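Chain by chain, the residues:
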2 protein chains.
Amino acid sequence: MKPAATRTRIEGVLAPVITPFRRDLAPDPDRFVRHCRWLMRSGCAGLAVFGTNSEANSLSVEEKLELLEALVKAGIPASVLMPGTGACALPDAVAMTREAVRLGCAGVLMLPPFYYKGVSDEGLARFFSEVIERVGDERLRLYLYHIPAVSGVPISAELIERLLDRYPGIVAGAKDSSGDWQNTRAWLERFAERGFDVFPGSEAFLLQGMRAGAKGCISATANINPGAIDRVFRNWRSPEAEKLQAAIAATRAIVQKVPMIPALKAVTAHFANDPEWRRVRPPLVELAAEQQRQVITELKAVGFSMPGL
Amino acid sequence: MKPAATRTRIEGVLAPVITPFRRDLAPDPDRFVRHCRWLMRSGCAGLAVFGTNSEANSLSVEEKLELLEALVKAGIPASVLMPGTGACALPDAVAMTREAVRLGCAGVLMLPPFYYKGVSDEGLARFFSEVIERVGDERLRLYLYHIPAVSGVPISAELIERLLDRYPGIVAGAKDSSGDWQNTRAWLERFAERGFDVFPGSEAFLLQGMRAGAKGCISATANINPGAIDRVFRNWRSPEAEKLQAAIAATRAIVQKVPMIPALKAVTAHFANDPEWRRVRPPLVELAAEQQRQVITELKAVGFSMPGL
């Protein structure tokens, strides 16, 4: 495969979009599309659908493909989409990635195969290489998804180096959800000049990330607070930046006191006045009533809202 | 759902059957059937296809359903099959489990959903309950698969208690691959009388397991050493038992010095004189040549063979 031609890459605030479920636990494409539209008009530059916060691994490949199709049919431009396409099984990762490229998505955000632990960089490189070769399309922009506390399978700098050497232009960047700023900084220093775009996995690192060369962030709380997070992204060079960063960190801190995914859904349910949004798929469980009251009360106390939801 | 009627449960040595791959990494049903036949005539009482050692999570649902169908079409009785049907996504676990029940399999061996870590027993109970309810068939025999070092999601005694209370007869037992004999013993003491059949996940615990009420074992090395392991199962009350146990432990110790799954495949490749068997799917990698030489040399030194392969 030839090196891919340079083209504009996605930058800014991306939301790992939460996935609504009906009473029978089936995904709800209508609510999904509505939430995606709200996110796009509220500050998000892109939609990292099918991430950890999307309960993506609790969805079958078919369910994800249907939701992706629903978004595109609803007029959401594929150029703002960065679907999660990683999977434990090579054919699943290939099927998802192939469809994302066919639709013209901005990129794909790929978990490593996450069942076996302690696997080698050689094994992971073979996995990602097989996906790239089988998709076989220079339009592919592959972002590596590093979230070791959940996946149990870290992405090492050596693995990035190896993949960048082999697929420059196609291996386009990473989301770093390690929560370890030293790791994010090390990647920025080592790889940013090679066209490898690093997105911290939390807006807690957005300002320091931008100062060090990050391209935005992909953060859970962008689901509920996209506008304020986008203001930090757009104004990181301004004298206001520290204050804006402190505000989004304060909001995040409130939500982080309870389990994140059900919290995002409970907050969305509250501000959309739509209790259906609370539902999660097992093995997750909804926020307890007391936890939900606490989060909502604390968010209101700092003036938080979700305007236009 | 009513409590299921009593019927004979599978007991003995089960192999988590290794999965052969062709050059293009597609599963190879012919070699798979051949190996299953060899296992069944060499001492295995059952075939726990689609386990950890089968690289099952590296296969798509469709690939697994095709392999299962190939076995049944080839005349392997469904009554000896205990396919792995666990998955991160509820619809995948339901699809696999439903088909296993429809075919008349002895049971299913279910991993918990293993992407999210630190999930609650409530969330896991909801997951397993949803699968049982959606399959909705009293013929289902569900064995819980506890392999925390790989899955990252342990099965607690409290979860077992809760599921046994709700689905007696259907929740039929567990494979304990914790490698922690205290855990296996605790489960036997607490649950064996309730019709909950415990299988240690390694033949290292077979003799002490049988003495404490286990029903056999489901072990990686049953792929290559089924006859000797079965002799321990059949003769655990005999004066020879300790000696037979020591022999299978010695064989296991040799294989355990290197990565288990590629080792099982390399040993099979050697004794079948069929190098195709060495192949694994990424993220696993084949045994290095030196490792393979070491394992084969040491196995031959203790008189190991795979007669009739």
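Preceding this paragraph is the structure being described.
Residues numbered from 1 in each chain as written. Chains lettered and ligands numbered in written order. Predicted model: local features only at pLDDT ≥ 70, side-chain atom pairs only at ≥ 80, totals over all residues.

## A few points about the interface of chain A and chain B
Rule in force here: By definition, residue pairs are in contact when their C-beta atoms, positioned from the backbone, come within 7 Å. Segments assigned H or I by DSSP are reported as helices when at least four residues long, segments assigned E as strands when at least two residues long, and all are numbered from the N terminus. Three categories are distinguished: nonpolar for Ala, Val, Leu, Ile, Met, Phe, Trp, Tyr, Cys and Pro, charged for Asp, Glu, Lys and Arg, and polar for the others, with Gly belonging to the last.
Between chain A and chain B, the contact holds 32 residues from the first and 32 residues from the second. Elements represented by at least two residues in the side of chain A that touches chain B include exactly helix 3 (90-103) and helix 4 (121-135) of chain A. Ranked by the residues each element gives to the side of chain A that touches chain B, the list is headed by helix 4 of chain A, at six residues. For the side of chain A that touches chain B, the residue count by class is 19 nonpolar, six polar and seven charged.

## Structural notes on the sheet that holds strand 5 (residues 171-176) of chain A
Residues and elements named next belong to chain A. In plain terms, the rule: Being paired, for any two strands, means DSSP has found at least two bridges between them. Axes here mean lines fitted to C-alpha atoms, for a helix over just the part in contact, with angles spanning 0 to 180 degrees between N-to-C directions.
The sheet built from four strands is open, its strands ordered 3-4-5-6 with parallel pairing. Of all strands in the sheet, those bounded by a partner on one side alone are strand 3 (108-110) and strand 6 (197-200). Here the average twist between neighbouring strands, direction ignored, is 25°. Alignment of strand 4 (residues 142-146) against strand 5, held across five bridges, turns out to be parallel. Bridge pairing in strand 5 links Leu142 to Val171.

## Here we look at the nonpolar core
Short version of the rule: For this entry, the nonpolar core is defined as buried Ala, Val, Leu, Ile, Met, Phe, Trp, Tyr and Cys residues connected by C-beta atoms within 7 Å. Buried residues are those with 20 or more other C-beta atoms within 10 Å of their own C-beta, exposed residues have 12 or fewer, and partly exposed residues lie in between; C-beta atoms are placed from the backbone.
Core analysis: the largest hydrophobic core is formed by 210 residues, its most contacted members being Leu14 and Leu47 of chain A together with Leu14, Leu47 and Met82 of chain B. Beyond its immediate chain neighbours, meaning those up to four positions away, Leu47 of chain B contacts Leu14, Ala15, Val17, Cys36, Leu39, Val80, Leu81 and Met82 of chain B.

## As for the sheet that holds strand 2 (residues 46-47) of chain B
Residue and element names in this part refer to chain B. Strands sit in the order 2-1-7 across an open sheet of three strands; the sheet is parallel. Because the sheet does not close on itself, it has two edges, and the strands there are strand 2 and strand 7 (216-218). Examined bridge by bridge, strand 1 (residues 12-15) and strand 2 share two bridges and lie parallel to one another. Its bridge partner lying in strand 2, Ala15 is registered against Leu47. Helix 9 (residues 226-234) rests against strand 1 and strand 7 of the sheet, and its axis sits at about 155° to strand 1.

## What about the environment of Asp180 of chain A?
Residue and element names in this part refer to chain A. Residue placement: Asp180 occurs in the loop between strand 5 and helix 7 (181-191). For Asp180, a count of 14 C-beta atoms within 10 Å gives the class partly exposed. In this structure the C-alpha to C-alpha distance between Asp180 and Phe205, which are 25 residues apart in sequence, comes to 9.4 Å.

## Concerning the pairing of strand 6 of chain A
All names here are of chain A. To keep things clear, this is the line we draw: Looking down the strands as they point away from you, a crossover is right-handed if its path from the first strand over the helix to the second goes clockwise.
Neither face of strand 6 is left uncovered, since the one carrying Asp197 and Phe199 and the one carrying Val198 and Pro200 both have all their residues buried. For strand 5 and strand 6, the ladder comprises four bridges, and the chain directions are parallel. Bridging across to strand 6, Gly173 finds its partner in Asp197. Taken together, strand 5, helix 7 and strand 6 constitute a β-α-β crossover, and its handedness is right-handed.

## Digging into the relation of the copies chain A and chain B
Counted only if it meets this: The fit set for superposing copies consists of C-alpha atoms from residues with pLDDT of at least 70 in both; the fit itself is least squares.
You can overlay chain A on chain B at an RMSD of 0.0 Å; the transform is a turn of 180° with a shift of 0.0 Å along its axis. As the rotation angle and translation indicate, the two copies are arranged about a two-fold axis. Residue by residue, 100% of the interface of chain A is reproduced at the interface of chain B, so both copies engage with the same surface.

## Here's the deal with the packing of helix 10 (residues 241-255) of chain A against helix 12 (residues 289-301) of chain A
All names here are of chain A. How we decide: Every angle not falling under 35 degrees, over 145, or within 65 to 115 is termed oblique; those three ranges are roughly parallel, roughly antiparallel and roughly perpendicular. The crossing is said to be left-handed when, going from far helix to near helix, the turn is anticlockwise and less than a right angle, and right-handed when the turn is clockwise.
The interhelical angle for the contact between helix 10 and helix 12, taken along N-to-C directions, is 165°, at an axis separation of 9 Å. By the criterion of interaxial angle, the relationship of helix 10 to helix 12 is roughly antiparallel. The handedness of the crossing between helix 10 and helix 12 is right-handed. Contacts between helix 10 and helix 12 pair Thr251, Ile254 and Val255 from the former with Val295, Glu298 and Leu299 from the latter. Classifying every residue of the contact of helix 10 with helix 12 by side-chain character gives four nonpolar, one polar and one charged.

The values are spatial; any link to function lies outside them.
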